Amino acid sequence: MSERIDSASTTGMDWLLPKIKTMTVPLIGILIFLGIWQMGAPKIVTSLGAVPGPTQVFQQFVGLVDEHKEAREKEAAFIKRQEVRNAKKLEKDPNAVVKIRAYTGKATFFDQIWTSLLTVSAGFLIASLIAIPIGIIAGLSQTVYTAINPLIQVFKPVSPLAWLPIITMIVSAVYVSDSPMFEKSFVTSALTVMLCCLWPTMINTAVGVANISQDLQNVSKVLRLSWWTHVVKIVLPSAVPMIFTGLRLSFGIAWMVLIAAEMLAQNPGLGKFVWDEFQNGSSNSLGRIMVAVIVIGVLGYLLDRGMLTLQKYVSWDKSQALR
Amino acid sequence: MSTKEHLVITQASIDFPTPNGPYRALDKVNLKIAKGEFVSIIGHSGCGKSTVLNIVAGLYQATEGGIILDGKEVNEPGPERAVVFQNHSLLPWMSAYENVELAVKRVFKGKKSKAEMKEWIEHNLSLVHMDHAMDKRPDEISGGMKQRVGIARALAMEPQVLLLDEPFGALDALTRAHLQDSLMEIQKDLGNTVIMITHDVDEAVLLSDRIVMMTNGPAATVGEILDINLPRPRDRVAMSETPEYIRCRKAVLSFLYERHGKKIEEEPEVVEETVETAEEAATEAVEAEASNLVDIKKKVKTEAA
Ligand SMILES: Nc1ncnc2c1ncn2[C@@H]1O[C@H](COP(=O)(O)OP(=O)(O)OP(=O)(O)O)[C@@H](O)[C@H]1O
Ligand SMILES: [Mg+2]
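Residues numbered from 1 in each chain as written. Chains lettered and ligands numbered in written order. Predicted model: local features only at pLDDT ≥ 70, side-chain atom pairs only at ≥ 80, totals over all residues. Heavy atoms only, no water.

1. Observations concerning the UniProt feature "domain: ABC transporter" (unreviewed entry) in chain B
Argument step 1. Mapped onto this structure's residue numbering, the UniProt feature "domain: ABC transporter" (unreviewed entry) falls at residues 9-241 of chain B.
Argument step 2. For residues 9-241 of chain B, the end-to-end C-alpha separation is 34 Å, with 34% helix and 27% strand making up the annotated structure. (UniProt positions renumbered as here; feature names shortened; annotations may be inferred. Helix = DSSP H or I, 4+ residues; strand = E, 2+ residues; numbered from the N terminus.)

2. Some words on the sheet that holds strand β5 (residues 72-74) of chain B
Residue and element names in this part refer to chain B.
Argument step 1. Pairing within the open sheet is antiparallel, and its four strands lie in the order β2-β1-β4-β5. Either end of the sheet is taken by a strand with one partner, and the two such strands are β2 (21-33) and β5. Neighbour-to-neighbour, the strand axes of this sheet turn through a mean angle of 35 degrees, independent of strand direction.
Argument step 2. Bridge count for strand β1 (residues 7-18) against strand β4 (residues 64-69) is five bridges, and the pairing is antiparallel. Across the sheet, residue I9 finds its bridge partner in β4, namely I67. (Pairing = 2+ DSSP bridges. Axes fitted to C-alpha atoms, helices over the stretch in contact; angles between N-to-C directions.)

3. As for the UniProt feature "transmembrane region" (unreviewed entry) in chain A
Residue and element names in this part refer to chain A.
Argument step 1. The UniProt record marks residues 20-37, 113-140, 160-177, 189-213 and 285-303 with the feature "transmembrane region" (unreviewed entry), using the residue numbering of this structure.
Argument step 2. Segment residues 20-37 splits into 100% helix and 0% strand. End C-alpha atoms: 25 Å apart.
Argument step 3. Helix makes up 100% of residues 113-140 and strand 0%, with an end-to-end C-alpha separation of 40 Å.

4. Quick notes on the site of ligand 1
Residue and element names in this part refer to chain B.
Argument step 1. The environment of ligand 1 is made up of 14 residues, and the closest members are S45, G46, K49, S50 and T51.
Argument step 2. Between ligand 1 and Y23 there is a distance of 3.5 Å, counted from an oxygen atom to a side-chain nitrogen or oxygen.
Argument step 3. In the model, an oxygen atom of ligand 1 is placed 2.8 Å from a nitrogen or oxygen of the G46 main chain.
Argument step 4. Protein contact buries 66% of the 640 Å² of open area that ligand 1 shows by itself. (Near = heavy atom within 4 Å. Polar contact = N/O pair within 3.5 Å; in protein donor to acceptor, adjacent residues only side chain to side chain. Areas by Shrake-Rupley, 256 points an atom, 1.4 Å probe, with all protein chains shown as cover.)

5. Here's the deal with the interface of chain B and chain A
Argument step 1. Of the residues lining the interface, 24 residues belong to chain B; the matching set on chain A comes to 17 residues.
Argument step 2. Both sides of the chain B and chain A interface together cover about 1800 Å² of buried area, and 68% of this is carbon and sulfur.
Argument step 3. A per-residue breakdown of the area chain B buries against chain A is headed by W93, L102 and R106 of chain B, which together make up 33% of the total.
Argument step 4. The tally of links from chain B across to chain A stands at zero salt bridges.
Argument step 5. Between the two partners, chain B and chain A, sit five residue pairs in polar contact (both at pLDDT 80 or more).
Argument step 6. Among the secondary structure elements, those contributing two or more residues to the side of chain B that touches chain A are β6 (81-84) and α2 (96-108) of chain B.
Argument step 7. Tallied by class, residues from the side of chain B that touches chain A come to 14 nonpolar, three polar and seven charged. (Contact = heavy atoms within 4.5 Å. Buried area = accessible area lost by both parts, 1.4 Å probe. Salt bridge = Lys/Arg side-chain N within 4 Å of Asp/Glu carboxyl O. Nonpolar A, V, L, I, M, F, W, Y, C, P; charged D, E, K, R; others polar.)

6. So, the environment of P167 of chain B
Residue and element names in this part refer to chain B.
Argument step 1. Assignment of secondary structure puts P167 in the loop between β7 (161-165) and α5 (173-190).
Argument step 2. What makes P167 buried here is its relative accessible area of 0%.
Argument step 3. Discounting residues that sit within four places of it in the chain, P167 has contacts with V84, Q147, M196 and I197. (Buried < 20%, exposed > 50% of the residue type's maximum accessible area, 1.4 Å probe, protein only.)

7. Details of empty space enclosed by the protein
Argument step 1. As enumerated under the stated definition, the model contains four cavities of 30 Å³ or more in all.
Argument step 2. Volume-wise, the largest cavity comes out at about 50 Å³.
Argument step 3. Lining the largest cavity, in full, are V219, V222 and L223 of chain A together with V83, F85, R153 and M157 of chain B.
Argument step 4. Of the residues forming the lining of the largest cavity, the biggest block, three residues, is contributed by helix α7 (residues 214-223) of chain A. (1 Å grid on protein atoms, 1.4 Å probe; cavity = no way out; pocket = protein on both sides within 12 Å on 5 of 7 lines; lining within 4 Å. Points joined across faces, edges and corners; volume = space filled by probe spheres on them.)

8. Quick notes on the nonpolar core
The nonpolar side chains of soluble globular proteins are, as a tendency, buried together.
Argument step 1. F109 of chain A together with I211 of chain B are the most contacted members of the largest nonpolar core, which totals 154 residues.
Argument step 2. Element by element, the count of residues in this core is highest for helix α8 (residues 227-265) of chain A, at 14 residues.
Argument step 3. Per-domain counts for this core show at least three residues from each of domain 1 (5-80 + 159-262) and domain 2 (90-158) of chain B.
Argument step 4. Excluding residues within four positions of it along the chain, F109 of chain A makes contact with L64, L270, F273, V291, A292 and V295 of chain A. (Core = buried A, V, L, I, M, F, W, Y, C linked by side-chain atoms within 4.5 Å. Domains from an automatic or database assignment.)

See below:
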């Protein structure tokens, strides 16, 4: 009996050991990094005080969470007060016109994160919806490829930040409506993100499509598949790995560009948070900016993991090593 | 054999563009094939067999001359001329069933109901004994199984002409024999015209009504056509002793190795000689090895000293 328990526990360990190993090594790396940071940071003194170490940064993070909770409570209280006030008004005079105002408190750190995530997803989605079809057509037709290649090559190296002023002007000129569905700043940021997402996706899709094996193309020709069936059954599955390479490249760039664009244009989002803290210049600012830096990094990493999971789900070749 | 002209290749020549100007791979290939005939093409590697097949399939366009199938010129690929490719060419993201389904849907859309199509796909997969692994994807089955699915896909299209490019090339002898038998059976039942490329003389003699022997490239063409007058159904064991079989086999071998031999000296008839040369080679190798050893010993000695 005891033997059985023994063997069970060893098999349990067998399964656990590699996991512990893969966990400990990165953990050691992180701990060493934190150690160096903790020791080195106080030695650098800026006009805003000493550079905060990991513990101070963590405290700032807790502070930001508290601030967020507080803001939510304030908002709830505001709405409640308004409701009560309106109800009283209506009691006195059923025909009174009641005003319902939205809460206009300062956006918290977490509001800004949400805004940034929303903006980057919107820009990325629009870009993908444009770039993948164009990439497929360019990959299928040498003529189309030759026609758009110079344009891609010229626009690709341009930092989308250079486009930002132009986009801002165009958006404020064209996007006029009395009850806009999205804020102008959101549209501007999303379009800037879109511009930088277009090129890597387009190029990689085109290359993936152009390199479909001749054998499979011959199969399609012999069957005389319709254009649509050819694209759906043969072109897309073979180009999926390259399309995803493009998408992940795009997403990485988009996340970086978005933060910069928000800083530059003072559009809501994490970039604005960083910029505002920098302008505030309180003793907490450096710590809060560092919280933002870490959050930006972690989110970027998680977003890429998300794309990878999606790629694994969509890809037909499950044995393929994806990283 | 019907004398009606079914598939006619007339003066087909093809030039491939190369950096050093056009390369004439085929020169004035002429061939008439009757309906239901089984023709093998045999020739040395690189002579242009696949090119002939690709022209008939419509995947290549002849520079001069052309192909006429039932009175109509062929200038594009089409499902009435199904191809079994040299390397199976299955879509790796589809199961065996789905690979066949793609072809069946294309050919029988509107002619067969969904249930009929399903039955037809399963029937064709069972013809090549692949019904047990229908739902496996190409990377989950062996090379021979992939080739069988490729054949099922082509058969399921009920083509007028079945084009086979070394269909059994990469298979072991047992699977190969089995598939040859099934191919003969299927062709007897369906009566379609078959053009098959092969490197295997026995396979060519066993399966074909005629063997087309091609000369070496560049500017390869039909060198000789051999009629095989063996009764069908053919049994590989019983047949191998008959004088007709031996005559045909010899004719092909003498064409390939005596008259159009590629500097590779390989005379299968003179078995003793090859054995001798093999022995010689072996002794040479042993001697070389021995002298090598002596060298190494010398080296070690000098180094030690
Ligand atoms: N697309 C092409 N472009 C240029 N040259 C080609 C092309 N296809 C074939 N060739 C040339 O034509 C000749 C015949 O090629 P082919 O593939 O028909 O030979 P094959 O008889 O099928 O050989 P194997 O038995 O090895 O398959 C070769 O010399 C080859 O180099
Ligand atoms: Mg070939």
